[in-house]
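Single-letter residue listing:
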Amino acid sequence: MGDYVFGGMVVLTYQEAKEKHGSRYGVDQALNRGELRHIGRNLYSTDDDDEQLKAVLKLYPDAIATGQTALYLHGLIDLPPDLFDLASKRGGTKIASDAVRQTFIPEEWLGLGATSIAHDGELVKVYDLERMLLEVMRSRNKLPYDIYREAIASYRKLAENLDIYKLEAYADAMPRGQSYLNRALEEVF
């Protein structure tokens, strides 16, 4: 099958990792030492979290970064997420990766606010700041409290740069969007 190389990082199948490290035990030891990282079913990487993110997004090009992953990519939180949050079409294929937390979104509002940003020289599909603000409001009870507070503090610093008309349009298109918009207006602006 051969190694896949993404931006200098090597992605290996389980069999390739086993050959490289001598045995199943060798693979386990490499995982424990941090030399190897598990990024999906039968997939391992040889580099850090940001490189893993690039690999995961290349492996699943139709997915859109959301949640903590998008907050990190936008610089709204400092710590990289422990799992990669990706949004995909409801009814679509389940991503078979232990490194991915997948959210299924109805097709009519999946692409709402989707954009691409540069991250370490790669273009990454991600929701824009306005859509992510509504997503933060929508999932505030699911986010760890410290991450929620950090994201809200970052949004307060950016408040004058956010497009209120975009926020209103997104809220109109999303189920319960007006309540998320009202909460965002109370907490951020």
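Scroll up to find the structure this text is about.
Values in this document were obtained by computation on a predicted structure and should not be read as measured data.

J.: I keep staring at the packing of helix α8 (residues 164-173) against helix α9 (residues 177-187) and nothing clicks. Help me out?
T.: Geometry of a packed helix pair, given as the angle between the helix axes and the separation of the axes. Between α8 and α9, whose axes approach to 7 Å, the crossing angle comes to 150 degrees. Classified by chirality, the crossing of α9 by α8 is right-handed. Contact residues: Ile-164, Leu-167, Glu-168, Ala-171 and Asp-172 in α8; Gly-177, Gln-178, Leu-181 and Leu-185 in α9. Split by residue class, the contact of α8 with α9 holds five nonpolar, two polar and two charged.

J.: What exactly am I supposed to notice about the environment of Ala-70 here?
T.: Mapped onto the secondary structure, Ala-70 falls in helix α4 (residues 67-73). The buried category is assigned to Ala-70, whose relative accessible area is 0%. Along the chain, Ala-70 and Leu-129 lie 59 residues apart, while their C-alpha atoms are 8.9 Å from each other. When near neighbours in sequence (up to four residues on either side) are disregarded, Ala-70 contacts Ala-65, Val-126 and Met-132.

J.: I'm lost on the side chain of Thr-69 in this one. Help?
T.: Mapped onto the elements, Thr-69 comes out in helix α4. Residue Thr-69 is classed as buried on the basis of its relative accessible area of 1%. Not counting chain neighbours up to four residues away, the residues in contact with Thr-69 comprise Leu-53, Pro-81, Leu-83, Phe-84 and Asp-85.

J.: What should I look at first to understand the environment of Arg-140 in this one?
T.: Here Arg-140 lies in the loop between α6 (129-138) and α7 (145-158). On the basis of relative accessibility, which here comes to 30%, the residue Arg-140 falls in the partly exposed class. Dropping the residues within four chain positions of it, Arg-140 is found in contact with Tyr-148, Arg-183 and Glu-187. A polar contact of 3.3 Å, which involves the side chain of Arg-140, links it to the side chain of Glu-187.

J.: Any chance you could explain the packing of aromatic side chains here in plain terms?
T.: Each aromatic ring pair is specified by the distance between its two centres and by the angle formed by the two planes. The final tally for this structure, using the stated rule, is zero aromatic pairs. Of note, Arg-131 hangs over the ring of Tyr-127, and the distance from its end group to the ring centre comes to 4.1 Å.

J.: Please explain the nonpolar core as it appears in this structure.
T.: A general tendency of soluble globular proteins is for nonpolar side chains to be buried together. The biggest cluster of nonpolar side chains holds 47 residues, and the ones touching the most others in it are Leu-71, Leu-86, Leu-133, Leu-134, Val-136, Met-137 and Tyr-155. If we ignore the near neighbours within four places in the chain, the residues touching Leu-86 are Val-56, Leu-57, Tyr-60, Ala-63, Ile-64, Ala-65, Thr-66, Ile-95, Val-100, Arg-101, Gln-102 and Thr-103. Core analysis: the second largest hydrophobic core is formed by six residues, Ala-17, Val-27, Ala-30 and Leu-36 among them.

J.: Explain unusual backbone geometry to me, please; I cannot follow it from the model alone.
T.: Apart from glycine, the bulk of residues carry a negative phi angle, and the bulk of peptide bonds sit in the trans form. A positive phi angle is found at Arg-176, which is not glycine, with a value near 60 degrees. Along the polypeptide, Arg-176 turns up in the loop between α8 and α9. Classification of Arg-176 as exposed rests on a relative accessible area of 61%.

J.: Would you explain α6 in this entry?
T.: A turn of α-helix holds 3.6 residues, and therefore any two residues three or four places apart point the same way. Counting buried residues in α6 gives eight out of 10 residues, a clear majority hidden from the surface. When α6 is considered as a whole, its buried residues turn out to be Glu-130, Arg-131, Met-132, Leu-133, Leu-134, Glu-135, Val-136 and Met-137.

J.: Is there a simple way to explain the pairing of strand β9 (residues 122-127) in this structure?
T.: Regular strands place side chains that alternate from one sheet face to the opposite one. Sheet topology note: the strand β8 (residues 114-119)/β9 ladder contains six bridges and is antiparallel. Within the sheet, the bridge partner assigned to Thr-115 lies in β9 and is Val-126. Between β8 and β9, which pair antiparallel in sequence order, lie two residues; one of them, Asp-120, sits at a positive phi of approximately 50 degrees.

Cut-offs and rules
- Residues numbered from 1 in each chain as written.
- Predicted model: local features only at pLDDT ≥ 70, side-chain atom pairs only at ≥ 80, totals over all residues.
- Heavy atoms only, no water.
- Axes fitted to C-alpha atoms, helices over the stretch in contact; angles between N-to-C directions.
- Helix = DSSP H or I, 4+ residues; strand = E, 2+ residues; numbered from the N terminus.
- Left-handed = near helix turned anticlockwise from the far one by under 90°.
- Contact = heavy atoms within 4.5 Å.
- Nonpolar A, V, L, I, M, F, W, Y, C, P; charged D, E, K, R; others polar.
- Buried < 20%, exposed > 50% of the residue type's maximum accessible area, 1.4 Å probe, protein only.
- Polar contact = N/O pair within 3.5 Å; in protein donor to acceptor, adjacent residues only side chain to side chain.
- Phe/Tyr/Trp six-rings, centres within 6.5 Å; stacked < 30°, edge-to-face > 60°.
- Lys NZ or Arg CZ within 6 Å of the ring centre and 35° of its normal.
- Core = buried A, V, L, I, M, F, W, Y, C linked by side-chain atoms within 4.5 Å.
- Pairing = 2+ DSSP bridges.

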